[in-house]
Amino acid sequence: MIDSENTTACDNTITTFETTRSLQCKDDMLSYHKNSSIQPIPEIPSTVTKHNTRMNRSEFAETTSITKSTSGNSKFRNHFLPDVIEPCFLSVSQDNITLQNNLDNYVSSDQQPSNFKVKYSNEVINTRTEHCDQVLLTVPSRERTRLVKWRQMIGCGLSEWKPFAHRNPGLLQRRVRKGVPDSLRGIVWQLLSGSRELVIQNMGIYAQLVFQESPLEVTIIRDMGRTFPTHPFFQKCHGLGQRSLYNVLKAYSVYDSDVGYMQGMGFMVAMLLLYMSEEDTFWMMVALVKGAQHPPMEGLYLPGLPLVQKHLNHFNILLSENCPKLAAHFQQEGVEASMYCSQWFITVFTYSLPLEALLRIWDVFLLEGFKVVYRVGLAILTQAQEHLLTLLFEDLIVVLRNLHQICTDPDDLLRRSMSIRVSRQLEELHKTYR
């Protein structure tokens, strides 16, 4: 057996892989937001070719029947049909992947001699620890201190998370509002949303869903080019990013036929894919839409958008209470909330805000729920109020749809947002809304 000291060292070293991928994705995303623009829908390809993806067909060939339909839509489905397994690490060398796979095998296997298992596991742990130390040397000291605190909160094998959250809810809230360390965001978001338990409880389900047919496949493919079109991970037509995005969205449309698919879901899935695997992303969407920790979001995507209408109604009332002059000006000019903030609620700001601000907002959103969207929206309008009061309808619409350009300081945005109290008003509005 591996002793606890080595196990802890191994667990800490896993951060290395998260750090490497997360930092690369963060740099790519920053580059995307500097050059972002919504591009027209690309033409659907007329030729059909299969591409590799990260799904393992052999593991569930016995339980899943893969058919090639001869219908008119078959060329779209087959163009994205998963084919061959590939490692899920985007920025990690093959040696490190082999080390992790070997470590997992030796930790879980009981068939090999104990002395050989310990010897090999120690070798793996030492190698990965050295690599971790090299990466941590590039991390500023303040960030290292935060990493240590968060690793203590999470604990070895995630064992400390629930006890810590139960004993210290106030401390957890303060640390989340300060920002989750980027290298730990993937796992912390899963813990905050409740999706980690879903992954464990439903092993293999995603792998079956991804090979089933969906009536929404063509619609999903048509929106591929609209989702972060200039981001390196999603830029290449039918590249790894687009295939992963397609897999998750199609699997969800099969899993939840009532919700199916809506374009706004793609932006959230794309952002999550920068920090976690396809399967983890899928179950996090399930946790969010079905409400594992907070009220379900499925009303945002159902026909008629009932939950969107509810949020817009509440937002108008809160705007009147917090910014009466601006609300009166909007009413005078005929500006409705649906003209500028629908996407705030449908995509939880993933459609527009700069990455640095977006990640900080999602840290808090996953802990505190949808009231964060109201707070941030009101804070943005409050910051731009003086300028908005001088504009007429046409200019108002243009400026309101580009308010994300003023969100250059995440710390200031979060500070102003958290100073706006909406919880009590929202509770009363939820009770009286019809």
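Our structure is the block above this text.
Criteria and thresholds
- Residues numbered from 1 in each chain as written.
- Predicted model: local features only at pLDDT ≥ 70, side-chain atom pairs only at ≥ 80, totals over all residues.
- Heavy atoms only, no water.
- Helix = DSSP H or I, 4+ residues; strand = E, 2+ residues; numbered from the N terminus.
- Buried < 20%, exposed > 50% of the residue type's maximum accessible area, 1.4 Å probe, protein only.
- Contact = heavy atoms within 4.5 Å.
- Areas by Shrake-Rupley, 256 points an atom, 1.4 Å probe, with all protein chains shown as cover.
- Patch = residues over 30% accessible without salt bridge, like charges linked within 9 Å, V, L, I, M, F, W, Y side chains within 5 Å.
- Salt bridge = Lys/Arg side-chain N within 4 Å of Asp/Glu carboxyl O.
- Lys, Arg positive; Asp, Glu negative; His and termini not counted.
- Charge placed at Lys NZ, Arg CZ, Asp CG, Glu CD.
- Axes fitted to C-alpha atoms, helices over the stretch in contact; angles between N-to-C directions.
- Parallel < 35°, antiparallel > 145°, perpendicular 65-115°, else oblique.
- Left-handed = near helix turned anticlockwise from the far one by under 90°.
- Nonpolar A, V, L, I, M, F, W, Y, C, P; charged D, E, K, R; others polar.
- Phe/Tyr/Trp six-rings, centres within 6.5 Å; stacked < 30°, edge-to-face > 60°.
- Core = buried A, V, L, I, M, F, W, Y, C linked by side-chain atoms within 4.5 Å.
- Polar contact = N/O pair within 3.5 Å; in protein donor to acceptor, adjacent residues only side chain to side chain.
- Expected span 1.5 Å × (residues − 1).

Trainee: Can you walk me through the overall build of the protein chain in this structure?
Mentor: Counting its secondary structure elements, the protein chain contains 24 helices and 0 strands. For the protein chain, the residues scored as buried account for 49% of the 434 residues in total. Of all intrachain contacts in the protein chain linking residues separated by at least 6 positions in sequence, the fraction that spans at least 24 positions is 79%. Roughly 20,800 Å² of accessible area belongs to the protein chain as shown, and the carbon and sulfur atoms make up 51% of that amount.

Trainee: Sorry if this is basic, but what is going on with a positive patch on the surface here?
Mentor: Taken together, Arg142, Lys149, Arg174 and Lys178 make up a surface patch of like positive charges. Elements represented by at least two residues in the positive patch include exactly helix H5 (141–154) and helix H7 (169–178). Along the polypeptide, Lys149 turns up in helix H5. Residue class for Lys149 comes out partly exposed when judged on its relative accessible area of 39%.

Trainee: Could you clarify how one ought to interpret helix H14 (residues 263–273) in this entry?
Mentor: One full turn of an α-helix is made of 3.6 residues, so residues set three or four places apart face in the same direction. For H14, a buried count of 10 out of 11 residues is recorded, marking the element as mostly surrounded by other parts of the structure. If you check which residues of H14 are buried, you get Gly264, Met265, Gly266, Phe267, Met268, Val269, Ala270, Met271, Leu272 and Leu273.

Trainee: Would you explain the packing of helix H13 (residues 240–255) against helix H15 (residues 278–290) in this entry?
Mentor: Geometry of a packed helix pair, given as the angle between the helix axes and the separation of the axes. Relative to each other, H13 and H15 sit at 45°, their axes nearing to 10 Å. Judged by the inter-axis angle, H13 sits oblique to H15. Considering only the axes of H13 and H15, their crossing is right-handed. Residues Ser244, Asn247, Val248, Ala251, Tyr252 and Tyr255 of H13 pack against Glu278, Thr281, Phe282, Trp283, Met285, Val286, Val289 and Lys290 of H15. Of the residues that constitute the contact of H13 with H15, the class distribution is 9 nonpolar, 3 polar and 2 charged.

Trainee: Would you explain the packing of aromatic side chains in this entry?
Mentor: To describe a pair of aromatic rings, you give the distance between the ring centres and the angle between the ring planes. Under the criterion given, the structure shown has 22 aromatic pairs. When the centroid spacing of 6.0 Å and the interplanar angle of 80° are considered together, the rings of Phe315 and Trp344 count as edge-to-face. Of this pair, Phe315 sits in helix H16 (residues 306–322) while Trp344 sits in helix H18 (residues 342–347); the two residues are 29 residues apart in sequence, bridging distant segments of the chain. Per residue, the accessibility class of Phe315 equals that of Trp344, and both read buried. An aromatic cluster is built from Trp189, Tyr275, Phe315, Phe330, Tyr340, Trp344, Phe345, Phe349, Trp362, Phe365, Phe370 and Tyr374, whose rings are joined through pairwise contacts.

Trainee: What exactly am I supposed to notice about the pattern of salt bridges here?
Mentor: Opposite charge on two side chains lets them pair, provided their charged atoms get close. Within this structure, the stated rule accounts for 12 salt bridges. Among the ionic pairs, Glu197 bridges to Lys162, the shortest N-O distance being 2.2 Å. With a gap of 35 residues between them, Glu197 in helix H9 (residues 195–201) and Lys162 in helix H6 (residues 161–167) connect regions that are remote in the sequence. According to the relative accessible area criterion, Glu197 is partly exposed, its value standing at 36%. Note on Lys162: relative accessible area 57%, which makes it exposed. Here Asp182 ties to Arg185 by a salt bridge, and the two come within 2.7 Å at their closest N and O atoms. Comparing Asp182 with Arg185, the two get one shared label, buried.

Trainee: Help me understand unusual backbone geometry, please; the structure alone is not making it clear to me.
Mentor: In this model, Leu158 sits at a positive phi of 65°, which is unusual for a non-glycine residue. Under the relative-accessibility criterion, Leu158 is labelled partly exposed at 30%.

Trainee: Would you mind showing me how to read the packing of H7 against helix H19 (residues 355–368) here?
Mentor: Two elements in contact, H7 and H19, have axes whose closest approach is 8 Å; the angle formed by their N-to-C orientations is 155°. The pairing of H7 with H19 is recorded here as roughly antiparallel in orientation. Contacts between H7 and H19 involve Leu172, Gln173, Val176, Arg177 and Lys178 from the former and Arg360, Asp363, Val364, Leu367 and Glu368 from the latter. Partitioning the contact of H7 with H19 into residue classes produces 4 nonpolar, 1 polar and 5 charged.

Trainee: What's the story with the nonpolar core in this structure? I'm lost.
Mentor: Trp189, Tyr340, Trp344, Trp362 and Leu381 are the most contacted members of the largest nonpolar core, which has 110 residues in total. The element best represented in this core is H19, accounting for 9 residues. Leaving out residues up to four positions away in the same chain, Tyr340 has contacts with Phe315, Leu319, Phe330, Val335, Leu381 and Leu400.

Trainee: How should the side chain of His329 be read in this particular structure?
Mentor: With respect to the helices, strands and loops of the structure, His329 is situated in helix H17 (residues 324–333). You can call His329 buried: its relative accessible area is 11%. Side-chain polar atoms of His329 contact the backbone oxygen of Leu388, separated by 3.3 Å. Setting aside its immediate chain neighbours within four residues, His329 contacts Leu388, Leu389, Leu391 and Leu396.

Trainee: Would you mind going over the side chain of Arg243 with me for this structure?
Mentor: Along the chain, Arg243 falls in helix H13. Separated by 2.9 Å, the side chain of Arg243 and the backbone oxygen of His238 make a polar contact.

Trainee: Explanation requested: H19 in the structure shown.
Mentor: Taking 1.5 Å as the rise per residue, H19 with 14 residues should run 20 Å; its terminal C-alpha atoms sit 20 Å apart, in good agreement. For H19, the buried fraction is high: 12 of the 14 residues fall into the buried class. Backbone geometry just downstream of H19 places Gly369 in the positive-phi region, at approximately 95°.

Trainee: Sorry, what's going on with the environment of Val308 here?
Mentor: When you line up the elements, Val308 lands in helix H16. Counting along the chain gives 33 residues from Val308 to Cys341, while the straight-line C-alpha distance between them is 9.9 Å.

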